Amino acid sequence: MRILVLNGPNLNMLGIREPEMYGSNTYADLEKFVDDVCRENGIDYEIYQTNWEGALVDRIQEAYGKFDGIVINPAAYTHTSVAILDAVKAVAIPAVEVHLTEVNEREPFRHISYIGLAAAKTITGKGFEGYREALLWLKDNL
Ligand code: DQA
């Protein structure tokens, strides 16, 4: 089983960006967290972060036939991107949407999730632990 972990814009700024909201752990810490979870659970994975919407679409398309599941935090593109939604629908790979913060308790524009229309599951507000939950959910449900 292979899982692709995708992270969108500004998540590379973890540790610097709004620490009161996102905490002090860095993106490298998140990569290590995902690596530890995958090793402990025998999950074959790739992780990728980009600030570019089209690059996320490309990676989703390239996952077709190569990955069994996707964990995706599209970050701000969650609330704007029909293109990412369409890409996930096009490849029809089960996807779990993750957000570090509790988006539904933040500004109203963050309550809208396009990717949520295609996601098999959505996990919000659990910080890095949300990625563990998403990976294990895919492992158990694929
Ligand atoms: C986020 C929430 C989004 O609203 C925001 O734009 C992000 C991160 C989260 O992980 O909580 O960049 O996806």
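Residues numbered from 1 in each chain as written. Predicted model: local features only at pLDDT ≥ 70, side-chain atom pairs only at ≥ 80, totals over all residues. Heavy atoms only, no water.

Next up on the list: the layout of surface pockets. Size it by volume and the largest pocket reaches roughly 160 Å³. Arg17, Tyr22, Ala75, Ala76 and Arg110 are the residues nearest the centre of the largest pocket, which is lined by 15 residues in total. Within the lining of the largest pocket, the residues separate by chemical class into seven nonpolar, five polar and three charged. (1 Å grid on protein atoms, 1.4 Å probe; cavity = no way out; pocket = protein on both sides within 12 Å on 5 of 7 lines; lining within 4 Å. Points joined across faces, edges and corners; volume = space filled by probe spheres on them. Nonpolar A, V, L, I, M, F, W, Y, C, P; charged D, E, K, R; others polar.)

We now examine the pattern of salt bridges. Applying the stated criterion across every chain yields a total of ten salt bridges. Two residues, Glu107 and Arg106, come together in a salt bridge whose shortest N-O distance is 3.8 Å. Residue Glu107 is classed as partly exposed on the basis of its relative accessible area of 32%. For Lys126, the salt bridge identified is with Glu133, shortest N-O distance 2.8 Å. Each of Arg2, Asp44, Glu46 and Arg59 takes part in one network of salt bridges that share partners. (Salt bridge = Lys/Arg side-chain N within 4 Å of Asp/Glu carboxyl O. Buried < 20%, exposed > 50% of the residue type's maximum accessible area, 1.4 Å probe, protein only.)

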